[in-house]
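Tertiary structure, described
Here is how the chains run, residue by residue.
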Amino acid sequence: MPLKSMTGFARADGSHGPTRWHWEVKSVNGRGLDVRCRLPHGFEALEQDVRKAVSERIARGNCQIGLTVSREQDGNALQINRDVLAQIVEAANGLKQEIDARPPSLDGLLAIKGVVEIAEPEETEEERTALFKTILTSFRTVLDGLTEMREGEGAKMQALLSGHIGEIERLSGAARSSPARSVEAIRQRLAEQVEKLMEASSALDPDRLHQEAVMLAAKADIQEELDRLDAHVSAARDLLSGGGPAGRKLDFLTQEFNREANTLCSKSNDTSITTIGLEMKVVIDQMKEQVQNIE
């Protein structure tokens, strides 16, 4: 199963009898799964099934779901709301005594909101159940499109992440094989530093100075950091190939990568190792940007 991006968009239209609808779904980055539905009046009962369908397909991301519904006018009838009309006429007659105005016209009365209504044919319970079932089937088609887009984006990011991990492994190998880590190179640097200190002050104890130099050399050893980097590289590759939601674990690994790179730079006693550590940090930052969008 490939990695999935948290970014996606899909839409679909459908119809059932005189009813037409349009689904639109989009998802963006999120710490968890957050589903927000915008359903028209009379279709709120669909929300529970919509949320369930999303949770079965999506593990992380902020999902915004919109549904618009319209009905054909065939079979609808105009009707006059006589109660509203009577109240308006009564109010108009009452105002005759207070203001000098022409009596209301028929077209003016009919233009007032609420006087003329469109009576839609009543649906039976069976008809409404069949309509809702068809609309939900259409929604699952939209989810298929959304999932396909998220998987396509995830495949692209998986290739990028694989390249970043390979580069981290290459840089770690370069640090491991650096001539600056050889015993001869370390001995020479320490000897030069000790010689400078002895020249600066003859009061320094050579034996004590030797012990301090050995301790500094041990602290500057980056073998543990390189071993942990190798372990993180292996873990990251397992996540990329394992499939399923891996964004949180990959995000944690980028933090671990960054910690080892920082330690590599701080313990380095040679510019070549420092340069490798800085290059590694750049790659890790690029990796982190991609990981933020992985489900």
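Now for a description of the structure that goes with this document.

What counts as what
- Residues numbered from 1 in each chain as written.
- Predicted model: local features only at pLDDT ≥ 70, side-chain atom pairs only at ≥ 80, totals over all residues.
- Heavy atoms only, no water.
- Helix = DSSP H or I, 4+ residues; strand = E, 2+ residues; numbered from the N terminus.
- Buried < 20%, exposed > 50% of the residue type's maximum accessible area, 1.4 Å probe, protein only.
- Areas by Shrake-Rupley, 256 points an atom, 1.4 Å probe, with all protein chains shown as cover.
- Core = buried A, V, L, I, M, F, W, Y, C linked by side-chain atoms within 4.5 Å.
- Contact = heavy atoms within 4.5 Å.
- Polar contact = N/O pair within 3.5 Å; in protein donor to acceptor, adjacent residues only side chain to side chain.
- Patch = residues over 30% accessible without salt bridge, like charges linked within 9 Å, V, L, I, M, F, W, Y side chains within 5 Å.
- Salt bridge = Lys/Arg side-chain N within 4 Å of Asp/Glu carboxyl O.
- Pairing = 2+ DSSP bridges.
- Axes fitted to C-alpha atoms, helices over the stretch in contact; angles between N-to-C directions.
- Expected span 1.5 Å × (residues − 1).

This brings us to the overall build of the chain. Per the secondary structure count, the chain includes nine helices and six strands. Burial analysis of the chain (295 residues in total) assigns 32% to the buried set. Counting every atom, the chain has about 18,000 Å² of accessible surface; 52% of that belongs to carbon and sulfur.

Here the focus is the nonpolar core. L3, L161, I168, L250, F257, M280 and M287 are the most contacted members of the largest nonpolar core, which has 29 residues in total. For this core, the secondary structure elements donating two or more residues are α4 (125–176), α7 (223–242), α8 (247–267) and α9 (271–291). Considering each element in turn, this core owes the most residues, seven residues, to α9. Setting aside its immediate chain neighbours within four residues, M280 contacts I168, L171, S172, L229, A261 and L264. Counting residues in each nonpolar core, the second largest holds 24 residues, with V35, C63, F139 and L143 among its members.

Position of R60 among the secondary structure elements: in the loop between α1 (47–57) and β4 (61–71). Separated by 3.1 Å, the side chain of R60 and the backbone oxygen of G30 make a polar contact. The contact partners of R60, leaving out residues within four places of it in the chain, are M6, G30, R31, G32, L33, R150, G247, R248, I294 and E295.

Moving on, we get to a nonpolar patch on the surface. A cluster of nonpolar residues, I80, L106, L110 and V116, forms a patch on the protein surface that exposes about 320 Å² of accessible area. Note on placement: L106 falls in helix α3 (residues 106–110). Relative accessible area serves as the criterion here: at 62%, L106 is assigned to the exposed category.

Here the focus is the sheet that holds β4. Ordered by their spatial adjacency, four strands build an open sheet running β1-β2-β4-β3, and the pairing between neighbours is mixed. Of all strands in the sheet, those with a lone pairing partner are β1 (8–16) and β3 (33–38), marking the two edges. Between one strand axis and the next, the sheet turns by 15 degrees as a mean value, whatever way the strands run. The pairing of strand β2 (residues 19–28) with β4 spans ten bridges and is classified as antiparallel. The residue bridging W21 from the neighbouring strand is V69, located in β4. Sheet contacts for α1: β2, β3 and β4; angle to β3, the most-contacted strand, approximately 145 degrees. The sheet strands contacting α4 are β1, β2 and β4, and the helix crosses β1 at an angle near 155 degrees.

Quick look at the pairing of β2 now. Burial of the side chains of β2 is restricted to one face: T19, W21, W23, V25 and S27 are buried, whereas none of R20, H22, E24, K26 and V28 on the reverse face is. Of the strand pairs in this sheet, β1 and β2 are connected by nine bridges, and their pairing is antiparallel. Residue pairing for β2: A12 is matched across the bridge by W23. Linkage of β1 to β2, two consecutive antiparallel strands, is achieved through a turn of two residues, within which G17 is found at a positive phi near 65 degrees.

This part takes up α8. Taking 1.5 Å as the rise per residue, α8 with 21 residues should run 30 Å; its terminal C-alpha atoms sit 30 Å apart, in good agreement. Of the residues making up α8, those classed as buried are G247, L250, L253, T254, E256, F257, E260, A261, L264 and C265. On the buried face of α8, the contacting elements are α4, α7 and α9.

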